[in-house]
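Each chain, letter by letter, is given below.
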Amino acid sequence: PKAAGEGSWDSRVGAGEYIIVNTIGVTAIGTTTDQNKVADAYLDGPSGAPQAGLGVCSSGFDGDGQCLVASDDNLNLTVEALKLQFDVVVKITDLIIKDKDHQLANGDITFAAGTYTLTDGRLDAEVLNAIGPASSFMLNFVAGGSEIYVNSVTVNSVPVPAAAWLFGSGLIGLAGVARKRRAVA
């Protein structure tokens, strides 16, 4: 399944499946440290409560694409993590996290190799500024509750600077000159 339209998601996102949101492709990958299970990224829909977001299911799926264990559709403290792999280098400008009750989360998360505190479901703008651009981000919960969902991620693509292209073409030119000199000698 793929997302349809700007900012929308399917009801289930399987392992390694591709999503297009605002023209930036992202693959959501669920992981687990439990060697007896396979994890899939999973989007939890409303089901009578406010929509939660993207989590991880490691209990398997029924014929309707729902987690076999209804409570196993979010990031679990002990064994699960969610990796967001983007097509391009991006800078995260906003991240909204909800708890297992589909409310804005509070507490600590491990995100992009650091541990940060959520307040009302968000990381402080200074924290987001300090997290450098990258093409992938790993997320899991470490304290203040046991289960979370990624409700929303806002990113901007980071263009490769023109100086990098000029530097690269200059290196190729120098290599060509050096090769020509060796051929003459």
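What you see is a predicted model, and the numbers here were worked out from it, not measured in a lab.

**Student:** Looking at this structure, how should I read the overall build of the protein?
**Tutor:** Each helix and strand in the protein was counted, giving two helices and ten strands. Walking the protein from its N terminus toward its C terminus, one meets helices and strands in the order β-β-β-β-β-β-β-β-α-β-β-α. A fraction of 62% describes how many contacts in the protein between residues 6 or more apart in sequence connect residues 24 or more apart. Accessible area for the protein stands at about 10200 Å²; split by element, carbon and sulfur atoms hold 56% of it.

**Student:** Explanation requested: the side chain of Glu147 in the structure shown.
**Tutor:** Topologically, Glu147 is positioned in strand 10 (residues 147–157). Setting aside its immediate chain neighbours within four residues, Glu147 contacts Ser71, Asn74, Leu75, Asn76, Lys98, Asp99, Lys100 and Phe141.

**Student:** I keep staring at the nonpolar core and nothing clicks. Help me out?
**Tutor:** One recurring pattern in soluble globular proteins is that nonpolar side chains are buried together. Of all hydrophobic cores here, the largest spans 29 residues; its most connected members are Ile109 and Phe111. Where this core is concerned, the elements lending two or more residues are strand 2 (24–32), strand 3 (40–44), strand 4 (53–57), strand 6 (80–99), strand 7 (107–111), helix 1 (125–130), strand 9 (134–143) and strand 10. Looking at which element gives the most residues to this core, the answer is strand 6, with seven residues.

**Student:** Explain the side chain of Asn74 here, please?
**Tutor:** Position of Asn74 among the secondary structure elements: in the loop between strand 4 and strand 5 (75–76). You can call Asn74 buried: its relative accessible area is 3%. In contact with Asn74, other than residues within four places in its own chain, are Gly55, Val56, Glu80, Lys100, Glu147, Ile148 and Tyr149.

**Student:** So what exactly am I meant to see when it comes to the state of the cysteines here?
**Tutor:** Here, the word disulfide means a covalent bond between the sulfur atoms of two cysteines. Scanning the entire structure with this criterion turns up one disulfide. Linked covalently through their sulfurs, Cys57 and Cys67 form a disulfide whose S-S length is 2.3 Å. Here the residue Cys57 occupies a position in strand 4, and Cys67 occupies one in the loop between strand 4 and strand 5, the gap between them amounting to ten residues. There is no split in this pair, since Cys57 and Cys67 are both buried.

**Student:** I keep staring at the pairing of strand 4 and nothing clicks. Help me out?
**Tutor:** Along any regular strand, the residues point their side chains to alternate faces of the sheet. Burial runs high along strand 4: five of the five residues are buried. In this sheet, strand 4 lies alongside strand 3 in antiparallel orientation, the contact comprising five bridges. Within the sheet, the bridge partner assigned to Ala41 lies in strand 4 and is Val56.

Conventions adopted
Residues numbered from 1 in each chain as written. Predicted model: local features only at pLDDT ≥ 70, side-chain atom pairs only at ≥ 80, totals over all residues. Heavy atoms only, no water. Helix = DSSP H or I, 4+ residues; strand = E, 2+ residues; numbered from the N terminus. Contact = heavy atoms within 4.5 Å. Areas by Shrake-Rupley, 256 points an atom, 1.4 Å probe, with all protein chains shown as cover. Core = buried A, V, L, I, M, F, W, Y, C linked by side-chain atoms within 4.5 Å. Buried < 20%, exposed > 50% of the residue type's maximum accessible area, 1.4 Å probe, protein only. Disulfide = S-S within 2.5 Å. Pairing = 2+ DSSP bridges.

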